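Below, each chain spelled out in residue letters.
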Amino acid sequence: MQLQHPELADLLKKAYSAEKAAAFAYQGHAGAVKNKEAKIAIRQIEIDEWNHREEVLAIMKQYNISISKWYEIRFHIVGKIISGSCYIIGWFMPFYFAGRLESGNVCEYFRMMHFFHSIGIKEHDKTLYEMGIKEKEHEVYFLGQIKNNKLLPFFENLFSWGNKKGFNDIDLDKKYSVEESEQYCKK
Ligand SMILES: [Fe+2]
Ligand SMILES: [Fe+2]
């Protein structure tokens, strides 16, 4: 089946490649942190991103959507640069920007769900929901590491993410079911 939604097809291609960038970035991040628990946690997040990449690819294959060579190269470079930078920009910033990025990624999966619904497809709801919620868990983890850091208020002002500001409307303590989750990320 061909997907009659160019914007959705592009979003899937971009997500597929961006998950690789994220996984690369977390390799650097896990390598750069000294704390053993943090290393393990970030390594697990890297695995989650590789899994997301596989799940996005499975959806793409179903609709004969090809992998974008351009996104693959672009996000490969981006991921490797971020990965390397984790060793030189100190402890705080890798956690901060990882959390900020994850915060934005959450709604990407719910936007895909909205697009699929607009063309009458609901069969990917559970997969997209789980990926979106997983990104939220990643965001919460990174924020938890830095929420009391004295640098956070300054960064939150500058980059609009932190204890009060974020890029999605998901609350893990009272989350919607898969069926209700279309309500997420409407704004
Ligand atoms: Fe991901
Ligand atoms: Fe993530």
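Look above for the structure.
The rules behind these values
Residues numbered from 1 in each chain as written. Chains lettered and ligands numbered in written order. Predicted model: local features only at pLDDT ≥ 70, side-chain atom pairs only at ≥ 80, totals over all residues. Heavy atoms only, no water. Helix = DSSP H or I, 4+ residues; strand = E, 2+ residues; numbered from the N terminus. Rg over C-alpha atoms; globule rule 2.2 N^0.38 Å. Buried < 20%, exposed > 50% of the residue type's maximum accessible area, 1.4 Å probe, protein only. Core = buried A, V, L, I, M, F, W, Y, C linked by side-chain atoms within 4.5 Å. Contact = heavy atoms within 4.5 Å. Donors = N, O, S within 2.8 Å, 3.2 Å for Na, K, Ca; no water. Phe/Tyr/Trp six-rings, centres within 6.5 Å; stacked < 30°, edge-to-face > 60°.

Q: With reference to specific residues and values, describe the overall build of the protein.
A: When its secondary structure is counted, the protein shows 6 helices and 0 strands. Taken from the N to the C terminus, the helices and strands of the protein come in the order α-α-α-α-α-α. For the protein, whose C-alpha radius of gyration is 17 Å, the value lies close to the compact-globule estimate of 16 Å for 187 residues. Each principal axis of the C-alpha atoms in the protein carries an extent, and together these give about 50 × 35 × 30 Å. Across the 187 residues of the protein, 47% fall into the buried class.

Q: Describe in detail the nonpolar core, supporting the description with residues and values.
A: Core analysis: the biggest nonpolar cluster contains 30 residues, and Leu 3, Leu 12, Phe 110, Met 112, Phe 116 and Leu 128 have the highest contact counts within it. Looking at this core, the elements that each hand over two or more residues are helix H1 (6-32), helix H2 (36-62), helix H4 (92-118) and helix H5 (125-146). Sorting elements by how many residues they give to this core places H4 first, with 8 residues. Setting aside residues up to four positions removed in sequence, Leu 3 forms contacts with Leu 8, Ala 9, Leu 12, Tyr 63, Ile 65, Phe 116, Ile 119 and Ile 121.

Q: How would you summarise the coordination of the iron ion (ligand 2) if you had to cite specific residues and measurements?
A: Six octahedral donors around a metal ideally sit at 90 or 180 degrees from one another, while four tetrahedral donors ideally sit at 109.5 degrees. Only Glu 49 (OE), Glu 102 (OE), Glu 102 (OE), Glu 135 (OE) and His 138 (ND1) from the protein coordinate the iron ion (ligand 2), and they sit 2.0 to 2.4 Å from it. Sequence spacing of the donor residues for the iron ion (ligand 2), all on one chain, is E-x52-E-x32-E-x2-H. Taken as an interatomic distance, the gap from the iron ion (ligand 2) to the iron ion (ligand 1) is 3.7 Å; Glu 49 donates to each of them. Of this pair, Glu 102 sits in helix H4 while His 138 sits in helix H5, and the two are 36 residues apart along the sequence.

Q: Any details on the packing of aromatic side chains? Residues and values, ideally.
A: Under the criterion given, the structure shown has 20 aromatic pairs. Note on Tyr 26 and Phe 142: the rings are 5.5 Å apart at their centroids and 15° apart in plane angle, and the pair reads as stacked. Linking Tyr 26 in helix H1 with Phe 142 in helix H5, this pair joins segments that are 116 residues apart in sequence. Accessibility classification places Tyr 26 together with Phe 142 in one group, the buried group. Measuring from ring centre to ring centre gives 6.1 Å for Tyr 96 and Phe 159, while their planes differ by 55°; the resulting arrangement is tilted. Of the two residues, Tyr 96 sits in helix H4 while Phe 159 sits in helix H6 (residues 152-159), which places them 63 residues apart along the sequence.

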